[in-house]
Amino acid sequence: MKTYRTHLMVCAGTGCVSCGSLNLKDRLESELKDRGLSDEVKVVITGCNGFCAEGPIMVVYPEGIFYKKLSPEDIPFLVEEHFLKGRPVEKFLYTGSAIKEKVPLLKDIPFFQYQVLRALRNRGLIDAENIDEYIARDGYAALSKVLSSMTPEEVIQEVKISGLRGRGGAGFPTGLKWEEGRRYDSFPKYIICNGDEGDPGAFMDRSVLEADPHSILEGMTIGGYALDAHQGHIYVRAEYPLAIHRLNLAIEQARNYGLLGKDILGSGFDFDISIYPGAGAFVCGESTALMYSLEGKRGMPRIKPPRSTEAGLWGQPTVLNNVETFANVPAILLNGGEWFASLGTGGSKGTKVFALTGTVSNVGLIEVPMGTTLRTIVYDIGGGIPEKREFKAVQIGGPSGACLPVSLLDIEVDFDSLDKAGAMMGSGGLVVMNDSTCMVDTARFFTDFSVDESCGKCVPCRVGMKVMLNILNRIVEGKGEMEDIERLKRLGHHIKETSHCGLGKTAPNPVLSTIRYFRNEYETHIIEKRCPALVCADLIQFRVDSEKCKMCGLCKKACPMEAITWEKKTPAVINLEKCIRCRSCIQACKFGAIE
Amino acid sequence: MAKLTIEDLKRIKEEVRSATILREGGFRAKINIHMGTCGIAAGARKLMSVVLKEIEEKKINDVMVTTSGCAGLCSREPMATVEILGNPPVKYCDLNEERMKEIFVQHVLNGVIVEAYALARGSETTY
């Protein structure tokens, strides 16, 4: 491979691609060529860098300079200044929200400082479409170690020592699952990677698949060896075209190198992988439903036992793990289970990848040691709440998860402590909410999602969730009664206890957790018929408080119905006959004058 | 394509790693070639080519090459600064390809400052 003095790592995760990072690459290459720098400076397309809020992103090595929010028009100037004359361009450098100074180097940016990259060990450092660059970062070294010097039992033992638990949400110990899968003497066996990421606001699996597809292939092949399985399937959402594209490329490259197929690395072990794009049903992320879907049947969960490890895909022993779980496997086998277990808490070892979204400054993909506090995640990594708003809650675990209040900010995030708080690790969606969020409405949103996505097989989930949604709709419309809170709680517990699959068993969590931590908001909605966050349109009066009104006229400009009368030096007045309750005026008002 | 053996895998790793290691830090030495307009006009680009060629041929993977703008002493260009990390940087002036090569071997690889071409200790600030 040719030596260049500088590598420009242009982020091409879905986030940065949608902001135009591929145009950047073309412009960079043509500009470097015009300047005669093509032999000195190389442009590399990488997977998601993680700091999606600042995209499109480019990192310059060897210095490690972090450029943000670049556009193709910036490129000629940047190339001349930095790559020709050696002067990094200050205006494209990162500026911290707390410290107003420019932070030139990636390693000094707080967003990156608190992270520990294990599953994402190659993010932003390799060309995701080039197997050689993966190999250069110890890629397939774990597989070659396993195939040349370890028995399947030793592999399973190492995974057990690591304490790795399933990263898809439930947290089942991976080593134990593999051991179960190995125990049954029925062939063929299958290994499945679950990339049917469906939680609102979650994009961990997509980013791993886009940034480092070979780590999944390697992890699955090692799993196949441990189980004595020779076929793997990756079930991935059809809505992830870039991930599917890169997986296809990766599989083709691995086959060309003989790292998939017959007699891998001369060991005599055969293994191959195929991709199955899912059709978009949330329930197909549930393992048994996923397997039915793979078989071409309707995706619906079935009663366990038998567990999938005994009778899964086509009735054969099958081990299914999440994308992030597989991404951890090569690192565990290469560095040892004890290395992995050296990070984390008592029951949760290693790290966890989170998709940090919502009203937080630094939206992006992060990986932190298990046991990191929510406060560190939201404030140190996330940079806090923008626009001088207050933190209200963090929603963790998607529709199966919970909303945790400010009093739980110091909770150490791991499987057990979240469980205790009535929440759930889930797959790693972390949505931060500020004080303009109504918790009743949030619970209603997630319940609505669960109702939409319920497969309909069992009554508690199909009917129970619908009844919960009706009650919540009643409350946000101002027709709630105090008994509704107890009804919701009772029904929620029944659904949790009697639902068929993991999704139904957790679907009431958003409602139950908001009642537990934000009961006063429910009460305000029911008793005072008022929505404190001014979200639930039916409970807003749409009246201007003339004392708070600064007579600026912004509300009048925002109103699409011309329902607001305002003249200079007089408070605005809303004409309720024309008002369609769209809330545009509330969002426009900087003084909170509309009630 | 022929199927890989474990040895092939190791070979690919070593080859590609030496070309990509600059993304990972952990450098022993830093060569800064001054690329202001004056430096470029005086032939700084040739120095850059020499350095990159040496690194590629000798399979060096712990030397970082970077550029900087005009240091203010245009009459003594082309210039370069060599820093063995942990030691003060040394600025060289009036360079050409042969001298750059000599500095690379003597100072960067063997750690002996080539006093004949040295201007001073110290350097302007770069990242």
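Residues numbered from 1 in each chain as written. Chains lettered and ligands numbered in written order. Predicted model: local features only at pLDDT ≥ 70, side-chain atom pairs only at ≥ 80, totals over all residues.

Residues and elements named next belong to chain B. Strand β1 (residues 29-34) sits mainly inside the fold: 6 of its 6 residues count as buried. Because side chains alternate across β1, one face comprises the buried residues Ala-29, Ile-31 and Ile-33, and the other comprises Lys-30, Asn-32 and His-34, equally buried. Note: β1 against strand β3 (residues 80-84), 5 bridges, orientation antiparallel. Bridge pairing in β3 links Asn-32 to Thr-81. Where β1 lies against strand β2 (residues 63-68), 6 bridges are found, and the strand directions are parallel. From the neighbouring strand, Ile-33 faces β2, where its bridge partner is Thr-67. (Buried ≥ 20, exposed ≤ 12 C-beta atoms within 10 Å, placed from the backbone. Helix = DSSP H or I, 4+ residues; strand = E, 2+ residues; numbered from the N terminus. Pairing = 2+ DSSP bridges.)

A word on the interface of chain A and chain B. It is common to give the size of an interface as the accessible area lost on bringing the parts into contact. Contacts between chain A and chain B engage 32 residues on the former and 30 residues on the latter. Breaking the side of chain A that touches chain B down by element, the ones donating at least two residues are α5 (131-136) and α6 (141-149) of chain A. With 4 residues, the top contributor of residues to the side of chain A that touches chain B is α5 of chain A. Residues belonging to the side of chain A that touches chain B are distributed by class as follows: 15 nonpolar, 9 polar and 8 charged. (Contact = placed C-beta atoms within 7 Å. Nonpolar A, V, L, I, M, F, W, Y, C, P; charged D, E, K, R; others polar.)

The next subject is unusual backbone geometry. With an omega dihedral of 0°, the bond running from Phe-187 of chain A to Pro-188 of chain A counts as a cis peptide bond. Locating Pro-188 of chain A in the fold gives a position in the loop between α8 (174-183) and β7 (190-195).

What follows concerns the environment of Arg-581 of chain A. All names here are of chain A. Looking at the element boundaries, Arg-581 is found in the loop between β17 (573-574) and α23 (584-588). For Arg-581, a count of 15 C-beta atoms within 10 Å corresponds to the partly exposed category. Placed 45 residues apart in sequence, Arg-581 and Cys-536 show a C-alpha to C-alpha distance of 9.6 Å. Apart from the residues within four sequence positions on either side, Arg-581 is in contact with Ala-537, Ile-540 and Phe-542.

A few words on the environment of Thr-325 of chain A. Of note, Thr-325 of chain A is situated in helix α13 (residues 323-335). Separated by 283 residues in sequence, Thr-325 of chain A and Lys-42 of chain A have C-alpha atoms that sit 33 Å apart.

Turning our attention to the domain arrangement of chain A. Taken domain by domain, chain A holds domain 1 (6-112), domain 2 (139-341), domain 3 (351-434), domain 4 (439-528) and domain 5 (541-595). Distance between the C-alpha centres of domain 4 of chain A and domain 5 of chain A: 33 Å. (Domains from an automatic or database assignment.)

Another point: the nonpolar core. By size, the foremost hydrophobic cluster in this structure holds 217 residues, and its most contacted members are Val-10, Met-58, Val-394 and Leu-404 of chain A. In contact with Val-10 of chain A, other than residues within four places in its own chain, are Ser-21, Leu-24, Lys-25, Val-43, Val-44, Ile-45, Thr-46 and Met-58 of chain A. (Core = buried A, V, L, I, M, F, W, Y, C linked by C-beta atoms within 7 Å.)

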